Amino acid sequence: MQLAVLAGFVVAGLTPWLHRVAGARTPLLLALLPAAIVGWLLQHWSLLAGGGALMLEQAWVPALDITLTFRLDGLAWLFACLIAAIGVLVLVYTGGYLRGHPDLPRFLAVLMAFMMSMLGLVLADNLVALFVFWELTSLTSYLLIGFRHTDPLARQAALQGLLVTAGGGLALLVGFVLLAEAGGSWSLAELASRGEAIRGHVLYLPLLVAILIGAFTKSAQFPFHFWLPNAMVAPTPVSAYLHSATMVKAGIYLLARLHPALSGTSAWTLGLALIGGVTLLLGAVMALRQTNLKLMLAYSTVMALGTMTLLLGIGTRAALAACLVFLLAHAFYKGALFLVAGILDVMTGTLDVTAMGGLRRLLPWTALTAAVAALSLAGLPPMLGFVAKEALFGALLEAGGTGWVAVVAVTLAAGLTLSVAAIVAIRPFLGPLRDPPRRPRGTPPALLVGPALLAALSLLTGVAPGLFDELVTVTLAGLGASGEALHLVPWHGVGGPLALSLAGLVLGVAVFLRWESVRARLVDVLAPLVARGPEVWHSTLGWRTLQLAHWQTRILQNGHLRTYLVTILMAWLGLVGHALLVRHGSLSWPGSAWQAHELVVAALMAAGALTACMVRSRLAAVAALGSMGFSIALTFVLFSAPDLAITQLLVETLTVVLLALVLFRLPHFTVLSTPLQRWRDLGVAALVGALITTLMLAVLGGERLPSVSHYMVANGQPLGHGHNLVNVILVDFRALDTLGEVFVLALAAVGVYAMLCFRAEEAGHG
Amino acid sequence: MVKSGTLILGVAAQLLLPLQLMFSVFLLLRGHDAPGGGFIAGLVAAGGFALYLFAHGRRAMHSLLKVAPRDLIGLGLLLGVLSTLPAWWRGQPFFTAQWWDLPLGITLSTPLLFDMGVYLVVLGALLTAITALVEIDQADDSR
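Residues numbered from 1 in each chain as written. Chains lettered and ligands numbered in written order. Predicted model: local features only at pLDDT ≥ 70, side-chain atom pairs only at ≥ 80, totals over all residues.

1. Observations concerning the overall build of chain B
When helices and strands are tallied, chain B shows six helices and two strands. The N-to-C order of helical and strand elements in chain B reads α-α-α-α-α-β-β-α. Residue burial in chain B is summarised as follows: out of 143 residues, 43% are buried. Contacts in chain B between residues far apart in sequence, at least 24 positions, make up 70% of those at least 6 positions apart. (Helix = DSSP H or I, 4+ residues; strand = E, 2+ residues; numbered from the N terminus. Buried ≥ 20, exposed ≤ 12 C-beta atoms within 10 Å, placed from the backbone. Contact = placed C-beta atoms within 7 Å.)

2. Regarding the overall build of chain A
The number of helices and strands found in chain A is 32 helices and four strands. Projected onto its principal axes, the C-alpha positions of chain A cover 110 × 60 × 55 Å. Counted over contacts in chain A with a minimum sequence separation of 6, partners at least 24 positions apart contribute 78%.

3. A word on the domain arrangement of chain A
Along its sequence, chain A is carved into domain 1 (266-513), domain 2 (516-550), domain 3 (558-587 + 671-705), domain 4 (592-666) and domain 5 (712-766). For domain 1 of chain A versus domain 3 of chain A, the separation of C-alpha centres amounts to 68 Å. (Domains from an automatic or database assignment.)

4. Side note on the interface of chain A and chain B
Between chain A and chain B, the residue contacts involve 39 residues of the former and 41 residues of the latter. Of all the secondary structure elements, the ones that give two or more residues to the side of chain A that touches chain B are helix H28 (642-663), helix H31 (725-733) and helix H32 (735-765) of chain A. Ranked by residues supplied to the side of chain A that touches chain B, first place goes to H32(A) with 18 residues. Looking at the side of chain A that touches chain B residue by residue, the class counts come to 27 nonpolar, nine polar and three charged. (Nonpolar A, V, L, I, M, F, W, Y, C, P; charged D, E, K, R; others polar.)

5. Thoughts on the packing of helix H15 (residues 293-314) of chain A against helix H19 (residues 403-426) of chain A
All names here are of chain A. Where H15 meets H19, the closest approach of the two axes is 11 Å, and the angle between their N-to-C directions is 155 degrees. Between H15 and H19, the angle is such that the two are roughly antiparallel. The interaxial crossing formed by H15 with H19 has left-handed handedness. On H19, the residues touching Leu293, Met296, Ser300, Met303, Thr307 and Leu310 of H15 are Ala406, Val410, Ala413, Thr417, Val420, Ile423 and Val424. Residues belonging to the contact of H15 with H19 are distributed by class as follows: 10 nonpolar, three polar and no charged. (Axes fitted to C-alpha atoms, helices over the stretch in contact; angles between N-to-C directions. Parallel < 35°, antiparallel > 145°, perpendicular 65-115°, else oblique. Left-handed = near helix turned anticlockwise from the far one by under 90°.)

6. Structural notes on the UniProt feature "transmembrane region" (unreviewed entry) in chain B
All names here are of chain B. The sites that UniProt annotates as "transmembrane region" (unreviewed entry) are residues 7-29, 35-55, 67-89 and 109-134. Counted over residues 35-55, helix gives 86% and strand 0%. Its end C-alpha atoms are 30 Å apart. The span residues 67-89 shows a helical share of 83% and a strand share of 0%, and its end C-alpha atoms are spaced 31 Å apart. (UniProt positions renumbered as here; feature names shortened; annotations may be inferred.)

7. Looking at the nonpolar core
Counting residues in each nonpolar core, the largest one holds 207 residues, and the members touching the most others are Ala322(A), Val325(A), Leu337(A) and Ala373(A). By residue number, the principal contributor to this core is helix H16 (residues 317-348) of chain A, which donates 24 residues. With sequence-adjacent residues up to four places away left out, Leu337(A) is seen in contact with Leu297(A), Ala370(A), Ala373(A), Ala374(A), Leu377(A) and Val424(A). Within the second largest apolar cluster, 55 residues are counted, among which are Ala633(A), Ala41(B), Met116(B) and Leu127(B). (Core = buried A, V, L, I, M, F, W, Y, C linked by C-beta atoms within 7 Å.)

8. Observations regarding helix H4 (residues 74-97) of chain A
Taking 1.5 Å of rise per residue, the 24 residues of H4(A) would be expected to cover 34 Å, and the 34 Å separating its terminal C-alpha atoms lies within 8% of that figure. Counting buried residues in H4(A) gives 23 out of 24 residues, a clear majority hidden from the surface. (Expected span 1.5 Å × (residues − 1).)

9. Digging into unusual backbone geometry
Across the junction of Phe222(A) and Pro223(A), the peptide omega takes the value 0 degrees, indicating a cis bond. Among the secondary structure elements, Pro223(A) is positioned in the loop between helix H10 (204-218) and helix H11 (227-230). In this structure, the amide linkage connecting Pro381(A) to the following residue, Pro382(A), adopts the cis form with an omega of 5 degrees. Relative to the assigned elements, Pro382(A) resides in the loop between helix H17 (364-378) and helix H18 (384-399). Even without being a glycine, Ala220(A) presents a positive backbone phi close to 55 degrees. Within the secondary structure layout, Ala220(A) lies in the loop between H10 and H11. A positive phi is found at Lys66(B), a non-glycine position, where the angle reads about 75 degrees. Relative to the assigned elements, Lys66(B) resides in the loop between helix H3 (58-65) and helix H4 (69-82).

10. A look at helix H12 (residues 236-245) of chain A
Residue and element names in this part refer to chain A. The buried fraction of H12 amounts to 10 of the 10 residues, a majority that puts the element mostly inside the structure. Regarding H12, the residues found buried are Thr236, Pro237, Val238, Ser239, Ala240, Tyr241, Leu242, His243, Ser244 and Ala245. Against H4, helix H5 (104-123), helix H6 (127-145), H11, H15 and H16 lie the buried residues of H12.

11. Things to note about the environment of Ala50(B)
Position of Ala50(B) relative to the elements: it lies in helix H2 (residues 38-56). Setting aside its immediate chain neighbours within four residues, Ala50(B) contacts Val657(A) and Ile130(B).

12. A short note on the UniProt feature "domain: MrpA C-terminal/MbhD" (unreviewed entry) in chain A
Following the UniProt record, the feature "domain: MrpA C-terminal/MbhD" (unreviewed entry) maps to residues 603-667 of chain A here. A distance of 32 Å separates the end C-alpha atoms of residues 603-667 of chain A, which is 85% helix and 0% strand.

13. Quick look at the confidence of the model for chain A
For chain A, the average pLDDT comes to 85, and 96% of its residues sit at 70 or higher. By mean pLDDT, strand S2 (residues 59-61) of chain A is the weakest element of chain A at 70, and H10(A) is the strongest at 93. (pLDDT = per-residue confidence, 0-100.)

14. Structural notes on the environment of Ala87(B)
Along the chain, Ala87(B) turns up in helix H5 (residues 85-89). When the C-alpha atoms of Ala87(B) and Thr110(B) are compared, they prove to be 9.0 Å apart, with 23 residues separating the residues in sequence.

15. Re the environment of Ala132(B)
Considering the arrangement of structural elements, one finds Ala132(B) in helix H6 (residues 110-142). When the C-alpha atoms of Ala132(B) and Leu75(B) are compared, they prove to be 19 Å apart, with 57 residues separating the residues in sequence. Those residues in contact with Ala132(B) that lie beyond four places of it in its chain are Val752(A), Tyr753(A), Leu756(A) and Cys757(A).

16. Section: the packing of H4(A) against H5(A)
When two helices pack together, their arrangement is given by the angle between the helix axes and by the axis-to-axis distance. Residues and elements named next belong to chain A. At a closest axis distance of 9 Å, the pairing of H4 and H5 adopts a crossing angle of 170 degrees. With respect to H5, the axis of H4 lies roughly antiparallel. Listed contacts from H5 to Ala76, Phe79, Ala80, Ile83, Gly87 and Thr94 of H4 are Leu108, Met115, Met118, Leu119, Val122 and Leu123. Residue classes in the contact of H4 with H5 are distributed as 10 nonpolar, two polar and no charged.

17. Details of the confidence of the model for chain B
All names here are of chain B. Confidence in the prediction of chain B, expressed as mean pLDDT, is 82, and 90% of residues score 70 or more. Within chain B, the element-level pLDDT minimum falls on strand S1 (residues 99-101), averaging 75, and the maximum on H4, averaging 89. Predicted complex metrics record ipTM = 0.87 and pTM = 0.74.

In structure tokens form, the structure reads like this:
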């Protein structure tokens with residue numbers, strides 16, 4: 001399993017190379033990988049059907065109990081199958097959709113990376129591993145939305161999607177840490193068995209809220225729904241794959257996965273049902289407001305995601321079953337419809353439904369595919385969408401109680417969705433032929449095969465939904481809702497659900513017939529609401545954050561070196577001084593006698609420092625500082641530290657070289673600070689000096705600070721194979737520290753280079 | 001400023017550079033047992049190159065060095081990271097020093113490799129800064 005996921009990332013990295021070799025056949029070759037994964041999954045189904053689960057564990061950060069554990073159970077199998085199978089179709093479709101596009105290799109590489117991240121997400125058993133894959137899907141989604149990066153709209157939408165989902169990801173991380181704290185484990189499988197303890201824990205409410213924010217941002221629930229329609233600027237394969245079939249369902253997956261651990265409280269039920277209900281109504285209404293085919297489908301995806309959240313909130317066995325069936329049905333028909341929309345886009349050059357008509361004569365197979373998929377979207381028999389909707393209504397009616405609010409909302413939304421389906425399937429294809437911007441010719445088979453297969457699946461599984469009996473039963477058992485085997489049937493007979501479906505049908509047909517006037521009124525009514533909606537909150541928040549950043553940069557990074565120095569020194573004084581006062585008791589002056597030459601060196605140092613502060617010439621100041629540096633080197637020699645002395649001497653020499661280069665470039669020496677500021681600086685300097693002295697005394701007299709030098713002296717030769725302890729420490733005992741310092745040095749050099757060269761370039765241009 | 005043109009400095013730099021470089025390599029190799037080591041050796045080598053730069057100009061130094069100073073930084077970091085890998089390969093904790101005794105009394109070790117990395121980074125970083133300063137000098141002078 002690790003092999004499958006990790007190999008995918010390697011393949012993603014090799015894609016550009018593969019494209020150079022295989023050319024236009026690359027998408028088909030790449031599709032072999034997800035196809036193999038599908039085969040592997042099918043092969044392991046028998047194991048899962050017996051109630052088992054496949055588990056592979058690999059230590060990652062053992063000290064923190066973080067493992068790269070993959071676990072294949074019913075739910076993971078269901079999602080992995082969807083991801084891999086639709087992945088195959090989307091890759092094939094991409095081959096036709098982006099034929100000859102110069103950036104095709106980049107697109108395919110990111111798409112493969114996304115596919116593997118998504119697989120990793122649904123297979124991961126460790127919370128941290130899941131989070132890493134979760135963030136990877138956000139990142140790859142960002143790259144795919146912004147694929148046409150020369151278009152400012154695409155860049156904006158990509159950034160918006162990233163900010164919303166990654167912001168939710170941060171909340172999710174907090175939630176995961178709290179969850180691991182409350183449940184005492186990082187493993188999802190173990191957490192699922194500790195639901196009682198987690199629900200009773202004092203951290204339950206905070207962790208639930210944090211995790212819900214993460215799931216809701218990913219799955220585009222109100223009030224975070226706005227990024228999903230904007231993400232439709234992405235190429236259509238991305239819309240179909242990420243923003244309808246897989247990635248946006250990651251939040252649903254997470255909620256389902258955590259259902260055994262977190263559900264059953266009123267906070268869970270209320271939160272999910274309320275948000276889900278609002279989202280599904282909002283999605284259904286907003287879809288009718290659009291004329292762009294992809295936007296209509298995007299809002300109807302929002303509606304579907306809301307429905308699944310609502311069902312998870314209700315959380316009865318029937319509701320969970322309905323959620324799973326709905327998930328499957330939605331993946332099939334919405335994937336097909338998005339791909340059809342992409343075909344129309346490529347063939348006619350527009351996505352506006354009001355500009356299309358009568359295309360059935362020019363694109364007969366596309367029309368047929370759209371009609372079949374739309375039947376499923378509308379929830380009409382004999383499609384899987386109908387089975388899902390019957391199960392949905394059945395679960396709502398069974399829940400009873402205050403469930404009637406949900407029943408009304410879902411019925412309304414179902415009716416509106418039916419009219420969306422009718423608009424999508426009928427407007428572009430029936431009626432008199434209108435002239436689109438481009439006149440379509442026959443559809444290439446690469447484009448048609450994906451949507452046609454998905455639509456056929458909708459029909460096939462609608463006629464024989466019993467195919468999913470075993471899958472749904474096994475998955476339900478994994479969600480903690482085990483029971484007798486479930487039987488899905490294509491026709492439920494006359495009853496409550498059918499009556500509700502009929503009510504929805506009547507409403508949907510009525511709305512469809514008057515769509516133009518309904519849409520006009522919707523636009524009027526909703527315009528002020530949209531203008532004050534969550535999207536505006538989000539952009540205002542972003543703008544305010546930028547303002548805050550500007551403000552604090554002006555305060556902290558004002559470009560005056562002396563301010564930086566004072567800030568750094570004061571912070572250091574406060575922290576170290578505080579620690580010293582609190583932790584350390586009495587200090588004593590070292591008793592050793594003073595030698596005359598030591599006093600001379602000390603006096604030289606002090607004189608150098610004082611001179612450097614007093615003189616009004618740079619050259620003199622440099623010389624004074626240099627004499628101080630050489631005195632320090634002398635001190636090192638006196639106290640037998642030849643390495644330090646050599647280093648100090650060389651650094652002093654090279655400092656003079658560097659200063660000589662910049663000295664003549666500097667402006668004239670001027671006094672910028674007021675006398676008061678200079679007194680303050682004197683105070684800071686005196687305090688720092690005092691603190692350093694105290695610190696040295698504390699270290700020298702330190703009984704409380706056990707010395708490590710004995711260890712170093714004892715082990716330098718036997719372990720480090722060296723007599724020069726300084727060097728043994730630098731390159732062996734503390735090599736990691738040295739590596740870090742070397743990296744800092746390299747970064748500083750690159751920084752100096754960049755600063756100087758950009759300045760030189762600017763000067764050259766100016 | 002950039003190129004002194006003084007005959008004495010020019011000749012001295014030409015003679016001193018090989019000596020300084022040899023001395024820096026000597027410091028590097030003996031560093032584990034006696035005063036020296038990658039950091040000091042890098043400083044000595046940088047001093048030598050800086051002297052040569054002042055005496056003969058930027059172009060002469062570049063043609064002598066053959067590579068951009070920036071690349072030395074990257075190479076040094078790479079050596080530093082590479083020196084961590086043998087321990088990993090043997091399943092020991094990250095950065096555990098490895099020693100190999102070769103015939104003829106030569107001893108190789110990952111700390112030596114690491115020290116060479118430090119040497120190159122120090123040399124590269126200093127030369128990068130110095131040449132960058134010299135370059136803007138020239139840009140200013142040519143205007």
